[in-house]
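Secondary and tertiary structure notes
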Amino acid sequence: MEPHLPERRNLLACPSNEKYASLLLNRCRQKLEDYDGLFADCIGYPLPSLGLEAIFTCFCASCRAREPRLKEWAERVREMRESIMSATDADLERWGTFAGQARVFGLTGFYAYRTRLITALAERYAALARETGKEFGLDVLAPALAFFAGHNYAALGEFSDWLKPRIYLHTFGPSSIPLEYYCMATGGNAWARRVSMPVLMEFISRSIGLDMPHSLHNLTQSSLTCDAIGSQIHKAVRMTGTAVHPGIECSRHPEFDSDVDETTILSGAKATAEGDCPGAVLAWNLLYMPDSFLRIVGETLLA
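Throughout what follows, the structure given in this document is the object of discussion. Numbering of residues starts from 1 in each chain and follows the order in which that chain's sequence is written. In keeping with the predicted nature of the model, local features appear solely for residues at pLDDT of at least 70, side-chain atom pairs appear and are counted solely at 80 or more, and the whole-chain, interface and lining totals rest on all residues. Calculated side-chain values reflect all of the structure's heavy atoms, with hydrogen atoms and water omitted.

Section: the overall build of the chain
This is how the line gets drawn: Helix and strand definitions follow DSSP, with helices as H or I runs of at least four residues and strands as E runs of at least two, each counted in order from the N terminus. Atoms considered for the radius of gyration are the C-alpha atoms alone. The globule rule reads 2.2 Å times the number of residues to the power 0.38. Only protein chains enter the accessibility calculation, which uses a 1.4 Å probe; a residue whose area is less than 20% of its type maximum is buried, one above 50% is exposed, and one in between is partly exposed. Contacts were defined at the residue level, with two residues in contact if any of their heavy atoms lie within 4.5 Å. All accessible areas in this document rest on Shrake-Rupley with a 1.4 Å probe, and a residue is counted as covered only by the protein chains that are shown.
Along the backbone of the chain there are 14 helices and six strands. What you see for the chain is a C-alpha radius of gyration of 20 Å, in line with the 19 Å of a compact globule of 303 residues. Counting only C-alpha atoms and orienting by the principal axes, one finds that the chain spans roughly 55 × 45 × 35 Å. Per-residue burial over the chain gives 51% buried out of 303 residues. Taking the contacts inside the chain whose residues are at least 6 apart along the sequence as the reference set, 77% of them involve residues at least 24 apart. Total accessible area on the chain is roughly 14400 Å²; 52% of this is exposed by carbon and sulfur atoms.

Things to note about helix H14 (residues 291-301)
Just so we agree on the cut-off: This arc describes the spread of directions from the helix axis toward the C-beta atoms.
Those residues of H14 that sit buried are Phe293, Ile296, Val297 and Thr300. The buried side chains of H14 occupy one side of the element, clustering within an arc of 95° when seen end-on. Turned more than 90 degrees from where H14 packs its buried face, Asp291 and Glu299 sit exposed. Buried residues along H14 sit in contact with helix H13 (262-274) and strand S6 (281-283).

So, the packing of helix H1 (residues 18-31) against helix H6 (residues 108-131)
We apply this condition: For helices, the axis comes from a line fit to the C-alpha atoms of the stretch in contact; other axes are also lines fit to C-alpha atoms, and the angle between any two N-to-C directions lies between 0 and 180 degrees. Note that the term roughly parallel is reserved for angles under 35 degrees, roughly antiparallel for angles over 145, roughly perpendicular for angles of 65 to 115, and oblique for everything else. A clockwise turn of the near helix away from the far one marks a right-handed crossing, whereas an anticlockwise turn of less than a right angle marks a left-handed crossing. Side-chain classes are defined by residue name, with Ala, Val, Leu, Ile, Met, Phe, Trp, Tyr, Cys and Pro counting as nonpolar, Asp, Glu, Lys and Arg as charged, and the others, Gly among them, as polar.
In contact at an axis separation of 11 Å, H1 and H6 are set at 25° when each is read in the N-to-C sense. By the angle between their axes, H1 is roughly parallel relative to H6. The way H1 lies across H6 gives a crossing that is right-handed. The segment H1 lies against H6, with Glu18, Ala21, Ser22, Leu24, Leu25, Cys28 and Arg29 engaging Leu121, Arg124, Tyr125, Leu128 and Glu131. For the contact of H1 with H6, the per-class residue count stands at seven nonpolar, one polar and four charged.

Topic: the nonpolar core
For soluble globular proteins, the rule of thumb is that nonpolar side chains tend to be buried together. Going by this rule: By nonpolar core we mean a set of buried residues, namely Ala, Val, Leu, Ile, Met, Phe, Trp, Tyr and Cys, connected to one another through side-chain atoms within 4.5 Å.
Grouped together as the largest cluster of nonpolar side chains are 82 residues, with contacts concentrated most on Phe56, Leu107, Phe136, Leu138, Ile177 and Ile208. Residues contacting Ile208, with those up to four places away along its chain left out, are Ala144, Leu145, Phe148, Ile177, Tyr181 and Met184. Listed in part, the seven residues of the second largest apolar core include Ile265, Met289, Ile296 and Val297.

Here's the deal with the pattern of salt bridges
Selection rule: Between Lys or Arg on one side and Asp or Glu on the other, a salt bridge is scored when a side-chain nitrogen of the former is within 4 Å of a carboxyl oxygen of the latter.
For the coordinates displayed, the defined rule picks out ten salt bridges. Of the charged contacts in the structure, one is a salt bridge between Arg78 and Glu82, with a shortest N-O distance of 2.6 Å. Of this pair, Arg78 and Glu82 both sit in helix H3 (residues 70-85), four residues apart, which is roughly one turn of that helix. Taking the relative accessible area as the measure of exposure, Glu82 reaches 41% and is therefore partly exposed. Among the ionic contacts, a cluster of salt bridges with common partners joins Asp41, Asp139, Lys164 and Arg166.

Quick notes on the pairing of strand S2 (residues 135-141)
Put simply, the rule is: Pairs of strands are assigned from DSSP output, requiring at least two bridges between the strands.
Burial analysis of S2 places six of its seven residues in the buried class, which makes it a mostly covered element. Here strand S1 (residues 37-40) pairs with S2 via four bridges, running parallel. Of the residues in S2, the one forming a bridge with Gly37 is Glu135. In this sheet, strand S3 (residues 162-167) lies alongside S2 in parallel orientation, the contact comprising five bridges. Across the sheet, the residue bridging to Val140 is Pro165, located in S3.

Structural notes on the side chain of Ser175
Positionally, Ser175 belongs in the loop between S3 and helix H9 (177-191). Setting aside its immediate chain neighbours within four residues, Ser175 contacts Leu47, Leu141, Leu145, Arg166, Tyr168 and Glu180.

Below, the structure written as C-alpha cells:
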C-alpha cells in the first residue's frame, strides 16, 4: 500500500480563536433547523500527517492571550524537541512513551490545555444542538491517536449523544492509524537522525499503544490485524460513558490505497456488535461501497 498524504494547504483554525469559532457556530445555528441533528467533524488538533510539528501546537496570538503559561511551555517544547533531535537508540529504548516524555519535560499542563480547548469548543456545538432539541454526535480519533488530537473521550462523552471514533486500520487515508504511524516514523526519522528506524518505530508503537510493524516496508506491505479493530472499538467504549458508533472502513475508495475486504468488514461489524455499540458509521463514500460489504454489515449488526 502507498500512503495518501494530505495536501498541506489545509486551512485550520485554532480552537482558541473566538472569531472563527463564533463564525462557524453562527453558520450552524442558521442551518440547524432544517436537520434532525448536528454531527461535528474534525474538531481536534492536526495530526502528524500534516507535519510532525503539529503535535507541539499551538502558540498563536489567541492562545498567548488566553494562557500565560505558554511562554514557559514554549521553552520546554524547544527543549523536548532538541532532546528528540539528539537522541540515540539507547535514549529511545529508555523512554517510555511520547506522553510520558512530555511529562518529564513538564508539558503535562500544555497537553491538558490543548484538550480543554477542544472539549470546550465541542461543548459549544453540543449546546447549540440542545437549544433546538437536536441530537449531537462528535467525530473523534481512534483511542491510539486521541492524545495527539486533544480528544478526551470521557469529557467529550458527558455532553455528546454519541461519539464516532475513526477506527481506520486498513487504509492509508485521512486519519488512519497506518498513515499517521507512517508520518510519525518518517517525520521522526528526519528529526532524530541518530536513531535507527526500528527503534524509532518501536517507540511510536509504545506511544500509541498498538503492536505495529517496526519497518516501513512491512507497514506498507500489510495492514493491521483484524484483532486491532476490536481492541480499538472496545477501548473506545471503555473510555466514555456515552454511546459509541465506530467509524469502520467499508469502501474501496479510488484515492486511497486499501486492503479492505470481506474479512476486515466482518471483523469491524462483529467488533461493533460485541462492543454493545448501537451502530456504526461506514467510511468513506457510499458510492464506493460494494453491495457485498453493506450486506455483511447489515446482516451482522441486525442479527
